[in-house]
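# Structural description and commentary
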Amino acid sequence: MAEITQKEGTWAFDGEVLRLVPGRGRGVHQLRIEMGEVSIPLAAIAGVSYEPGRKGGRLRLRMREGADPFTQGAPDLPDAANPYSLQVDKDRAGAAEYLADAVRNALLLEQVPVDTPSDRYLLPGPPVPRVFQGSDGRVHFDGEQVRIEWDWGAEEVKKSAGPRTIPLSELERVEWTRATWENGSLRFVPKGNYVPMKGTHDPYAVVLWGLREAREIAQGALMVAAVSARLPHPSGGTPAEPARLTKEPHTPGEKREHDHDGLLRRLRELGELRASGVLTEEEFTQAKRALLERF
């Protein structure tokens, strides 16, 4: 088990699953808190890195393309909000590097195709129903349809059109643009001949002014992930159940046989990687040690 606890949260890796638990102290971003604990199967991870700095460093998790509805739809988030990033105190750099090495070794040992897009989501989307409060309207999503209701700040063209209900079967995708130096938007792109227009006049979009940035980021990211997870996968498939986080149980005798065969196979594969020059002697030794510890 590799684990590190910091102000923003705790990361713990048991060889199969990386668990991210948000911190609860003052200053922890609202998105981390609302997202709650996240269990990420190894197959959904593309890589992890530790970036040292003068006063500390940062752990960064990179997800496989198409494996996670959260990263599929959310734009680049500030570090304070990104649940897949962890600020690390300088005196905990060793623990951060150890965890990063443990994940990288596991990816190698399990031969996770980190550069190959996943053909289905390996993590579930946020639970529903969800509500998003924009600057000119409110969005409701119950898992089957999106409903947009306009507020007093909406342009007359939107108010005149009245509330809009979009079943998932008629929805192509959802797009989120954070408010920066200009207005942002949360846009629900329908199938068919849709002509995008400025967010203030688009009946399929709510406008974001960025007046309450933390709330907008938290609600926006979770709304995008919740809708995206329930739409057909970008690869062309249909929404699928998330991957199992644990292996099928074995009887004691079957487990011993499985572990023994698996250990020999992995050791042989590591030896071949070293012989072919893919692994250095140091990398081979580290990977072998991690493998023996797991088995």
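Residues numbered from 1 in each chain as written. Predicted model: local features only at pLDDT ≥ 70, side-chain atom pairs only at ≥ 80, totals over all residues. Heavy atoms only, no water.

### As for the overall build of the chain
When its secondary structure is counted, the chain shows seven helices and 14 strands. Taking all 295 residues of the chain together, the buried fraction comes to 46%. Within the chain, contacts between residues separated by at least 24 positions form 61% of all contacts whose residues are at least 6 apart in sequence. Carbon and sulfur atoms make up 49% of the accessible area of the chain, which totals about 15800 Å². (Helix = DSSP H or I, 4+ residues; strand = E, 2+ residues; numbered from the N terminus. Buried < 20%, exposed > 50% of the residue type's maximum accessible area, 1.4 Å probe, protein only. Contact = heavy atoms within 4.5 Å. Areas by Shrake-Rupley, 256 points an atom, 1.4 Å probe, with all protein chains shown as cover.)

### A short note on the sheet that holds strand β7 (residues 85–89)
Paired through backbone hydrogen bonds, the strands of a sheet run either parallel or antiparallel to each other. The strand order β5-β6-β7 describes an open sheet built from three strands, whose pairing is antiparallel. What marks the edges here is a single partner per strand, and that holds for β5 (45–52) and β7. Each strand axis lies, on average, 15° off the axis of its neighbour in the sheet, ignoring direction. The strands touched by helix α3 (residues 93–109) within the sheet are β5, β6 (56–63) and β7, with β5 carrying the most contacts at an inclination of about 160°. (Pairing = 2+ DSSP bridges. Axes fitted to C-alpha atoms, helices over the stretch in contact; angles between N-to-C directions.)

### Quick look at α3
The end-to-end C-alpha distance of α3 is 24 Å, a good match for the 24 Å that 17 residues give at a rise of 1.5 Å each. Residues of α3 that are buried include every one of A93, A95, A96, L99, A100, V103, N105, A106, L107 and L109, and no others. Backbone geometry just after α3 places Q111 at a positive phi near 55°. (Expected span 1.5 Å × (residues − 1).)

### Concerning the pattern of salt bridges
In total, this model carries eleven salt bridges according to the counting rule given. When the shortest N-O distance is used, the salt bridge between R32 and E8 registers 3.2 Å. In this pair, R32 sits in helix α1 (residues 30–35) while E8 sits in the loop between β1 (2–6) and β2 (9–13), placing the two residues 24 residues apart along the sequence. Each member of the pair R32 and E8 is classed as buried. Two residues, R178 and E213, come together in a salt bridge whose shortest N-O distance is 3.6 Å. Of the two residues, R178 is situated in the loop between β12 (171–177) and β13 (184–190) and E213 in helix α5 (residues 213–229); the sequence distance between them amounts to 35 residues. What makes R178 partly exposed here is its relative accessible area of 21%. Residue E213 is classed as partly exposed on the basis of its relative accessible area, which comes to 42%. (Salt bridge = Lys/Arg side-chain N within 4 Å of Asp/Glu carboxyl O.)

### Here's the deal with the environment of G57
Along the polypeptide, G57 turns up in strand β6. Separated by 35 residues in sequence, G57 and R92 have C-alpha atoms that sit 8.9 Å apart.

### Thoughts on α5
When the terminal C-alpha atoms of α5 are compared, their 24 Å separation across 17 residues agrees well with the 24 Å that a helix rising 1.5 Å per residue should span. Most of α5 is tucked away, with 14 of its 17 residues classed as buried.

### As for the packing of aromatic side chains
The full count for this structure, using the stated rule, is two aromatic pairs. With a centroid separation of 5.8 Å and an interplanar angle of 75°, the aromatic rings of F70 and Y84 are classed as edge-to-face. One end of the pair, F70, is in helix α2 (residues 69–73); the other, Y84, is in the loop between α2 and β7, and 14 residues separate them in sequence. Look at F70 and you get buried, because its relative accessible area is 4%. Aromatic side chains Y194 and Y204 sit 5.6 Å apart centroid to centroid with 85° between the ring planes, which places their arrangement in the edge-to-face category. Residue Y194 is found in the loop between β13 and β14 (205–208), and its partner Y204 is found in the loop between β13 and β14; the two are separated by ten residues along the sequence. On the basis of relative accessibility, which here comes to 18%, the residue Y194 falls in the buried class. (Phe/Tyr/Trp six-rings, centres within 6.5 Å; stacked < 30°, edge-to-face > 60°.)

### With respect to the nonpolar core
Among the nonpolar cores identified, the biggest contains 64 residues, and W11, I40, L59, Y84, L186, F188 and V227 are the most heavily contacted of them. Ranked by residues supplied to this core, first place goes to α5 with nine residues. Every residue in contact with L186, bar those within four places of it in the chain, is listed here: F132, V139, V174, E175, W176, Y204, A205, V206, L208, M223 and V224. (Core = buried A, V, L, I, M, F, W, Y, C linked by side-chain atoms within 4.5 Å.)

### Concerning the side chain of K158
Counting through the fold element by element, K158 comes out in helix α4 (residues 156–161). Given a relative accessible area of 1%, K158 falls into the buried group. For K158, the side chain forms a polar contact with the main-chain oxygen of G199, separated by 2.7 Å. Not counting the four nearest positions on each side in its chain, K158 is found in contact with D136, W150, G199, T200, H201, D202, A205, V206 and V207. (Polar contact = N/O pair within 3.5 Å; in protein donor to acceptor, adjacent residues only side chain to side chain.)

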